Amino acid sequence: MESRREGGVSSLLQCDVSSMSRKQVALARMRAVGRCACGSAANVLDSHALSESAACMGACPSSEEGLATPLAKQLSDAFDCWQRSIRLRCSRLLDDDTRHAHGSPPGQIAEEKKEDDAFPVGLPVLTSNPPPRLLVSDLIETHALRKVLDIHIKLCQLDSTLAEELGREGSHAVLSRLIRFNLETEVAEVTSSSFGSDIVQEEDLDTVMELQDLACEIGSLCGGSFPMKSSPYTVEELRARLPLCFSVSSVNDREESTTDTAVERATQHILINQVTARQSAQEDVGFVMWPSAVALSSWVVTNPKVVIGKRVLEIGAGCGLTGLAAAAIAADVDHRETQVILTDFNDTVLQNIDRNIHLNGLTETASTLKLDFRFQTGSNYRGGWIDGSGSVQDAVDVVLAADVICKPEDAVAAANTIYDALVPGGIAIVISADAKHRFGVDGFNDECCRVGLDVQISNVADLYNGGLVSSRGLEQTSGYVEGMTLTMFQVRKPEL
């Protein structure tokens, strides 16, 4: 491990994060806690990007310490090195001025060789002779610190979970030291006099302020109060905060398939962030993944023509796996007419869905809106649903819903929502655990009939030779019980 850390700052300086994606950062986090493989998905989830991005940022798959640990250490090394270099530069200027005052030509002071352990390996040393009058602006260590800060900003922008982990790992303590840094005071301490105000140049003050602005920007991205108290997560906690990996494949039997297009053969590899905050109420059920979403996403990938070229609405989307699978299909075939809208009534859940859309690079085909079942009337035959702001949105061709019924009132509201949201002739595919696990789901069929929807009911295990319930992804979900019964409701809005 020491050999890796010795190159700390220099390895980070070689890392080009400007072109990194959210997925690459997430994969690097996985690698850093020993999750190089994540079920069947990990072997195909851009493994080259995973290895390169993690190694670049100093993460080692065998260390299992988390990506924030080396990043925070590299920031601390860069700041300490920068501060020591300022002190050395100040001492050299003072010695040079003293010699000059005694008749010695400026610049004849030979710089003492820095001790090997004084600076992290890989950082260049100062070699300018005669020493310049600037203390900070032209230091190589200043450019190195700026680079490290820029990298932290980019990574925190790409991954808010990593931003929080960095704060807990101690990076905020370093940022606070930088924000409080006073160049004139630093110089006065080195010279033991009021020499600081005479030697400090305006350009140096501007440079320090620029670095402090970068530190403040990082603090604003931490996802919590700044500065965070140093309290690193355990490896187990870091693993629990990782995105879940889902490889969603068609379960259609090749021998029975009537077509064999590339989109039907494609496997969609999707990363899903769950909400890391603790659930405090029934309304927070969308914070985590539930089994029906895995089965429904497999159905969507098996039946891509249902969503390609259509307006698709996922209601009660939770973490968004099903809607993201539909959006990924459209992205694969570059079908820009496909619009996938993922909805929920919980603002925190919506923020997480939006984060997952960006994580998977699906902003061209997927978007989010707030939708509350309780505001839908179940009486709009032409179609049109009310969003969270009270505006009426256009009807859609397809509605997708997974595990959206938890009590009898939900069955009423879900039926109303599906009726209002669909165009005449539109369809909805709803999968739910049975009444043993989802109280109220046994009344959903009656509620659909009440509003005038046609319903066909199937046991999900009977479809595609049980392929929809054989996915390993089910084991990653909350509430999954081996052998649990999932029911599919194929709903159609009649055309008059």
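Worth saying up front: this structure is predicted, and the values here are computed from it rather than measured.

### Some details on the confidence of the model for the protein
Averaged over the protein, the pLDDT score is 84; the fraction of residues at 70 or greater is 78%. The low-confidence segment residues 37-51, where pLDDT is below 50, has 22 contacts with residues more than four positions distant or belonging to other chains.

### Examining the pairing of strand 8 (residues 396-402)
The buried count for strand 8 comes to six of seven residues, which makes it a mostly enclosed element. Pairing between strand 8 and strand 9 (residues 422-433): six bridges, direction parallel. Across the sheet, the residue bridging to V399 is A428, located in strand 9. Crossover connection from strand 8 via helix 17 (residues 408-421) to parallel strand 9: handedness right-handed.

### Things to note about the sheet that holds strand 8
Paired through their backbone hydrogen bonds, the strands of a sheet run either parallel or antiparallel. Strand order in this open sheet of seven strands is 5-4-3-8-9-11-10, and the pairing throughout is mixed. Looking at the sheet topology across the chains shown, the edges are occupied by strand 5 (366-370) and strand 10 (454-459). The average angle at which neighbouring strand axes cross in this sheet is 20°, direction not considered. Sheet contacts for helix 16 (residues 347-359): strand 4 (339-344) and strand 5; angle to strand 5, the most-contacted strand, approximately 175°.

### Some remarks on the environment of L88
Positionally, L88 belongs in helix 5 (residues 68-101). What makes L88 partly exposed here is its relative accessible area of 27%. Taking the C-alpha atoms as reference, L88 lies 9.3 Å from L135; in sequence the two are 47 residues apart.

### Remarks on the packing of aromatic side chains
Applying the stated criterion across every chain, the model contains three aromatic pairs. Plain terms: the ring middles of W82 and F181 are 4.8 Å apart, the flat faces sit at 50° to each other, and that makes the pair tilted. One end of the pair, W82, is in helix 5; the other, F181, is in the loop between helix 8 (171-180) and helix 9 (183-191), and 99 residues separate them in sequence. With respect to burial, W82 and F181 carry one shared label: buried. Arranged with centres 5.0 Å apart and planes meeting at 85°, the rings of F444 and F489 form a pair that is edge-to-face.

Analysis parameters
Residues numbered from 1 in each chain as written. Predicted model: local features only at pLDDT ≥ 70, side-chain atom pairs only at ≥ 80, totals over all residues. Heavy atoms only, no water. pLDDT = per-residue confidence, 0-100. Contact = heavy atoms within 4.5 Å. Buried < 20%, exposed > 50% of the residue type's maximum accessible area, 1.4 Å probe, protein only. Helix = DSSP H or I, 4+ residues; strand = E, 2+ residues; numbered from the N terminus. Pairing = 2+ DSSP bridges. Right-handed = clockwise from strand over helix to strand, strands pointing away. Axes fitted to C-alpha atoms, helices over the stretch in contact; angles between N-to-C directions. Phe/Tyr/Trp six-rings, centres within 6.5 Å; stacked < 30°, edge-to-face > 60°.

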